[in-house]
Amino acid sequence: MYIDIATEKFNRLRTQKDIIVLAFESSCDDTSVAVVKNGREVLSLVIASQIDIHARFGGVVPEVASRNHLLSISNITEEALNKANLTLSDIDAIAVTYGAGLVGSLMVGVNFAKSLAFALELPLIKVNHIRAHVAANYLSNKDLTPPFLALIVSGGHTALTKVEDYATQTLIGTTHDDAVGEAYDKVAKVLGLGYPGGPVVDKLSKSGNNNIQFIKPNYNKKDFNFSYSGLKTSVINYLHKTKQRGEDACVEDVCASFQCQAVEELVTKTINASKKYKIDKIALAGGVACNSHLRAEIQKACEKEKKKLYYPTPIECTDNAAMVGAEAYYQILAGANLADLDLVPDTTINLKYSNK
Ligand code: KG4
Ligand code: ZN
């Protein structure tokens, strides 16, 4: 039976010198396949971006995303293997993102990975997307080891976790409503700047001034949770009122003011958490970790507080399969998250930070 063979191979992997993982990511609108060695070395990474397809709709259209994952996943698997100069017979395990994300999108990656694992009789490792974003840091920062504090900022999540060791993460704060990336995308949309909004708001902010006082995004100063819907609504209301007065808003100033407030909240809560939990290393993760203002401000704060800051390369910040391969490697070492062929997407796992 498949699961008996896979379990035996899975248990043997930990004794092996090198572990090569073929990893898949299809949780949202990027289809990605990577080959990763020992959780730290990217042998190849291919990403089929759907940004141009969804941009004309102003955001991701789930059905369109799933169909495009289907169209590209097979080709980019071949491309990833070719780039790594390997064949399927060199692969030790298959890894796939099984949640959180869009169910139809996840379904494509999960089913493709299951089929390959079954056909090749290889262990299948199920990977939590949010943990994978954190693991992206292991790829670009060879010296990073737990414990550290992770700030996960993406289109779907805003969270602070304590990474106690490679297998254990504790959630210490999350968003009560919108994720910070979602707020960036919404602000860009109302300003007519297209999708995704983060990069363009980041760019325009550089020529704007932080001179508009929007509602501060504080949910509750005392804990480490976040709230971005108030700030987002405050920007929308400001734009409506400006229009009603027959005036033109300065787009650069709106971007700069929104960004300063959004980032200040992230930096303050992260530094406060690092002090409270006495953690000296801070790692950024997720698409918003590319943000130039966030990187500059948190770097300054870290220098002041004598904390060491880590972040992935821009390509490893946004959705990619290399981070899935990195996370899977540490799950293999922990003997966790071996999946059977009944694996299905789980869109509710965003707050689960345990191994399972
Ligand atoms: O991690 P990611 O690729 O996908 C999710 O898991 O959500 O993150 C995408 C998010 C989008 O909201 C995008 O606007 C944002 O990351 N983003 C940025 C920047 N680059 C991407 N936000 C702010 N500044 C950036 N430079
Ligand atoms: Zn993501």
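Preceding block: the structure.
None of these values were measured; they are calculated from a predicted model.

S.K.: Describe the nonpolar core, listing the residues and the values that go with them.
M.R.: Generally speaking, a soluble globular protein has its nonpolar side chains buried in company with each other. Counting 40 residues, the largest nonpolar core has Val 153, Leu 160, Val 180, Tyr 228, Phe 258 and Leu 266 as the members making the most contacts within it. Secondary structure elements with two or more residues in this core: strand S6 (148-153), helix H6 (180-190), helix H8 (229-244), helix H9 (251-276), strand S9 (281-285) and helix H10 (292-305). For this core, the element with the most residues is H9, which contributes 9 residues. When neighbours within four sequence positions are excluded, Tyr 228 is seen to be in contact with Thr 158, Thr 175, Asp 177, Asp 178, Ala 179, Val 180, Ala 183, Pro 217, Ala 262, Glu 265 and Leu 266. Tyr 138, Leu 144, Tyr 330 and Ile 332 belong to the second-largest nonpolar core, a separate cluster that totals 36 residues.

S.K.: Which residues make up the packing of H6 against H8, and what values do they have?
M.R.: Following both chains from N to C, one finds H6 and H8 inclined at 10°, their axes separated by 10 Å at the closest point. Judged by the angle between their axes, H6 and H8 are roughly parallel. In this structure, H6 uses Ala 183, Lys 186, Val 187 and Val 190 to contact H8, whose residues at the interface are Lys 232, Val 235, Ile 236 and Leu 239. Its residues assigned to classes, the contact of H6 with H8 shows 6 nonpolar, no polar and 2 charged.

S.K.: I'd love a proper account of the sheet that holds S9, names of residues and values included.
M.R.: The pairing of strands in a sheet comes from backbone hydrogen bonds and takes either a parallel or an antiparallel form. Spatial strand order, S8-S7-S6-S9-S10: 5 strands in an open sheet with mixed pairing. The sheet is open, and its two borders are formed by strand S8 (169-174) and strand S10 (308-310), each paired with just one other strand. Neighbouring strand axes in the sheet, compared pairwise and without regard to direction, differ in orientation by 25° on average. Taken together, the 5 bridges between strand S7 (residues 158-163) and S8 define a ladder with antiparallel strand orientation. Among the inter-strand pairings, Lys 162 is bridged to a residue of S8, identified as Thr 170. Running over the sheet, helix H5 (residues 129-140) touches S6, S7, S8, S9 and S10 and is turned about 120° from S6.

S.K.: So what about the coordination of the zinc ion (ligand 2)? Which residues, and what values?
M.R.: Within the protein, the atoms that donate to the zinc ion (ligand 2) are His 129 (NE2), His 133 (NE2) and Asp 319 (OD), at distances of 2.0 to 2.1 Å. Taken together, the 4 donor atoms coordinating the zinc ion (ligand 2) and their angles of 96 to 133° define a geometry best described as tetrahedral. Mapped onto the sequence, the residues coordinating the zinc ion (ligand 2) show the spacing H-x3-H-x185-D. Placement of His 129 in helix H5 and of Asp 319 in the loop between helix H11 (314-317) and helix H12 (322-333) is noted, with a sequence separation of 190 residues between them. What makes His 129 buried here is its relative accessible area of 5%.

S.K.: Describe the environment of Val 42, listing the residues and the values that go with them.
M.R.: Checked against the element boundaries, Val 42 lands in strand S3 (residues 41-49). Under the relative-accessibility criterion, Val 42 is labelled partly exposed at 31%. Along the chain, Val 42 and Val 64 lie 22 residues apart, while their C-alpha atoms are 29 Å from each other. When near neighbours in sequence (up to four residues on either side) are disregarded, Val 42 contacts Val 35, Leu 139, Glu 316 and Ala 322.

S.K.: Summarise H10; cite the residues concerned and give the values.
M.R.: In this model H10 runs 20 Å from its N-terminal to its C-terminal C-alpha over 14 residues, within 8% of the 20 Å that 1.5 Å per residue would give. Every buried residue of H10 is listed here: Leu 294, Arg 295, Ile 298, Ala 301 and Cys 302. When H10 is viewed along its axis, its buried side chains cluster within an angular range of 140° and face the same direction. In H10, the exposed residues that point more than 90 degrees away from the buried face are Lys 300, Glu 303 and Lys 304. Elements that come into contact with the buried residues of H10 comprise S6, H9, S9, S10 and H11.

S.K.: Provide a residue-level description of the site of ligand 1, including the pertinent values.
M.R.: With respect to spatial proximity, 21 residues lie near ligand 1, and among them Gly 155, Asp 185, Gly 198, Gly 287 and Asn 291 are the closest. Here an oxygen atom of ligand 1 sits 3.3 Å away from a polar atom, N or O, in the main chain of Gly 156. For ligand 1, whose accessible area on its own is 560 Å², the fraction buried by protein is 88%. At 4 residues, helix H7 (residues 197-205) tops the list of elements feeding residues into the shell around ligand 1. Counted by class, the shell around ligand 1 contains 6 nonpolar, 12 polar and 3 charged residues. There are two domains that each give the shell around ligand 1 at least three residues, and those are domain 1 (2-135 + 317-339) and domain 2 (146-311).

Conventions we followed
Residues numbered from 1 in each chain as written. Chains lettered and ligands numbered in written order. Predicted model: local features only at pLDDT ≥ 70, side-chain atom pairs only at ≥ 80, totals over all residues. Heavy atoms only, no water. Core = buried A, V, L, I, M, F, W, Y, C linked by side-chain atoms within 4.5 Å. Buried < 20%, exposed > 50% of the residue type's maximum accessible area, 1.4 Å probe, protein only. Helix = DSSP H or I, 4+ residues; strand = E, 2+ residues; numbered from the N terminus. Contact = heavy atoms within 4.5 Å. Axes fitted to C-alpha atoms, helices over the stretch in contact; angles between N-to-C directions. Parallel < 35°, antiparallel > 145°, perpendicular 65-115°, else oblique. Nonpolar A, V, L, I, M, F, W, Y, C, P; charged D, E, K, R; others polar. Pairing = 2+ DSSP bridges. Donors = N, O, S within 2.8 Å, 3.2 Å for Na, K, Ca; no water. Tetrahedral: all angles 85-135°; square planar, octahedral: opposite > 155°, others 65-115°. Expected span 1.5 Å × (residues − 1). Arc of directions from axis to C-beta. Near = heavy atom within 4 Å. Polar contact = N/O pair within 3.5 Å; in protein donor to acceptor, adjacent residues only side chain to side chain. Areas by Shrake-Rupley, 256 points an atom, 1.4 Å probe, with all protein chains shown as cover. Domains from an automatic or database assignment.

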